[in-house]
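The residues making up each chain are set out below.
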Amino acid sequence: MRTHVFAPRGSRRDPGLILYSEIFQVTEPIARLSFQFASHGFVVMTPEIYHQHEPPGTILGYDAAGKDRGNALKHQTRLKTFDDDAAAVVEALERHPLCNGGIGSVGFCIGGHLAFRAALHPRVAAAACFYPTDLQAGTLGEEKKADSLARAGDIGGELLMIFGRQDPHVPPEGREVIYRALHQSGVLFTWHELNTQHAFMRDGDERHDAAAARQAFGLALDLFERTLR
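Residues numbered from 1 in each chain as written. Predicted model: local features only at pLDDT ≥ 70, side-chain atom pairs only at ≥ 80, totals over all residues. Heavy atoms only, no water.

Visitor: Which residues make up the overall build of the protein chain, and what values do they have?
Guide: Within the protein chain one finds six helices and seven strands. Put simply, the protein chain runs from its N terminus to its C terminus through helices and strands in the order β-β-α-β-α-α-β-α-β-β-α-β-α. Within the protein chain, buried positions represent 54% of all 229 residues. In the protein chain, the proportion of contacts linking residues at least 24 apart, taken out of those at least 6 apart, comes to 73%. (Helix = DSSP H or I, 4+ residues; strand = E, 2+ residues; numbered from the N terminus. Buried < 20%, exposed > 50% of the residue type's maximum accessible area, 1.4 Å probe, protein only. Contact = heavy atoms within 4.5 Å.)

So, in structure tokens, the structure goes:
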């Protein structure tokens, strides 16, 4: 599994982050988000989520063909594969000489869901989930029966949930399902809905909202600074 590493310069030990991409893998906008977190003092590892199906370095296009391929692959990858990959990156962060042992996860779109599942790992102390798709329906993975919400009570760290109110992929009724499940599970979480569309964090996209992105990025930074330092 090719994993891109973004780390601060110097010898100081900093917290580690697993950063999960959208279905298009490690595109330029995702690399820039990874770089931004690293520039704030985090050791960031960004894995290629479809490494079982695509050659190392594959980037899917922000077009119809790329979208179709990315959506197909999320249903051709077993849930256990996603979980095993998360455990592998956690171990890699623990071994990294610049990581202080505090580990969090962050992700966007499918990556938001994967960041949520990564939080099931006992070493992950916090997760920032940006508009996580398939969470309400549990359709992630080859089985299309993801138990993510059912296992929310197993999460020992803190969750930050961020949604766009105009996001058709996580509509109001879907957000209601997620909120209710988290509330009933007893997991520690905060909830934020911004007046934005899906993919509002992706710079260069027509849906990008710079003001909302700045606010949401700040919320994630606050979470990780508080829980991982």
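Further notes follow.
Visitor: Describe the sheet that holds strand β2 (residues 14–20), with residues and values.
Guide: Ordered by their spatial adjacency, seven strands build an open sheet running β1-β3-β2-β4-β5-β6-β7, and the pairing between neighbours is mixed. Only two strands of the sheet have a single neighbouring strand rather than two, namely β1 (3–6) and β7 (188–194). Sheet twist, expressed as the average angle between the axes of neighbouring strands with direction ignored, equals 15°. Across six bridges, strand β4 (residues 99–108) lies against strand β5 (residues 124–130) in parallel orientation. Residue pairing across strands places Ser105 opposite Ala127, the latter belonging to β5. The strands touched by helix α4 (residues 110–118) within the sheet are β2, β4, β5 and β6 (158–164), with β4 carrying the most contacts at an inclination of about 140°. (Pairing = 2+ DSSP bridges. Axes fitted to C-alpha atoms, helices over the stretch in contact; angles between N-to-C directions.)

Visitor: So what about the environment of Thr139? Which residues, and what values?
Guide: Within the secondary structure layout, Thr139 lies in the loop between β5 and β6. The exposure class assigned to Thr139 is partly exposed, which follows from its relative accessible area of 24%. Once you skip the residues sitting within four places of it in the chain, Thr139 turns out to touch His75, Asp134 and Lys144. One polar contact links Thr139 to Asp134, side chain to side chain, over a distance of 2.8 Å. (Polar contact = N/O pair within 3.5 Å; in protein donor to acceptor, adjacent residues only side chain to side chain.)

Visitor: Which residues make up helix α1 (residues 28–39), and what values do they have?
Guide: In this model, α1 (12 residues) spans 16 Å end to end at C-alpha, consistent with the 16 Å of a helix rising 1.5 Å per residue. Where α1 is concerned, the buried positions are Pro29, Ile30, Leu33, Ser34, Phe37 and Ala38. Considering only its buried residues, α1 is in contact with β1, β2, β3 (43–47), β4 and α6 (210–228). Following α1 by one or two positions, Gly41 has its phi on the positive side, about 95°. (Expected span 1.5 Å × (residues − 1).)

Visitor: Give a description of the pairing of β6 that names residues and reports values.
Guide: Within β6, seven of the seven residues are buried, which leaves it mostly tucked inside the rest of the structure. Side chains of β6 alternate between two faces, with Glu158, Leu160, Ile162 and Gly164 and Leu159, Met161 and Phe163 buried alike. Where β5 lies against β6, five bridges are found, and the strand directions are parallel. Across the sheet, the residue bridging to Ala127 is Leu159, located in β6. As defined by bridge partners, β6 adjoins β7 across seven bridges and the pair is classed as parallel. Along β7, the bridge assignment pairs Leu160 with Thr190. Read from β6 through helix α5 (residues 172–185) to β7, the crossover connection turns out right-handed. (Right-handed = clockwise from strand over helix to strand, strands pointing away.)

Visitor: Which residues make up unusual backbone geometry, and what values go with them?
Guide: Although it is not a glycine, Cys109 adopts a positive phi angle of roughly 65°. One non-glycine residue with positive phi stands out, namely Asp134, at about 65°. Looking at where Asp134 falls in the secondary structure, it is placed in the loop between β5 and β6. Residue class for Asp134 comes out buried when judged on its relative accessible area of 12%.

Visitor: Could you give an account of the pattern of salt bridges, naming the residues involved and the relevant values?
Guide: Between side chains of opposite charge, a pair can form when the charged atoms approach closely. Under the counting rule described, the total for this entry stands at 21 salt bridges. We note a salt bridge from Arg32 to Glu28, for which the minimum N-O separation is 3.7 Å. Linking Arg32 with Glu28, this pair stays in helix α1, spanning four residues, or about one helical turn. With its nearest N and O atoms 2.5 Å apart, the salt bridge here joins Arg123 to Glu94. Residue Arg123 is found in the loop between α4 and β5, and its partner Glu94 is found in helix α3 (residues 79–95); the two are separated by 29 residues along the sequence. Taking relative accessible area as the criterion, Glu94 reaches 38% and is therefore assigned partly exposed. When salt bridges that share partners are traced, they join Arg12, Asp14, Glu225 and Arg229 into one network. (Salt bridge = Lys/Arg side-chain N within 4 Å of Asp/Glu carboxyl O.)

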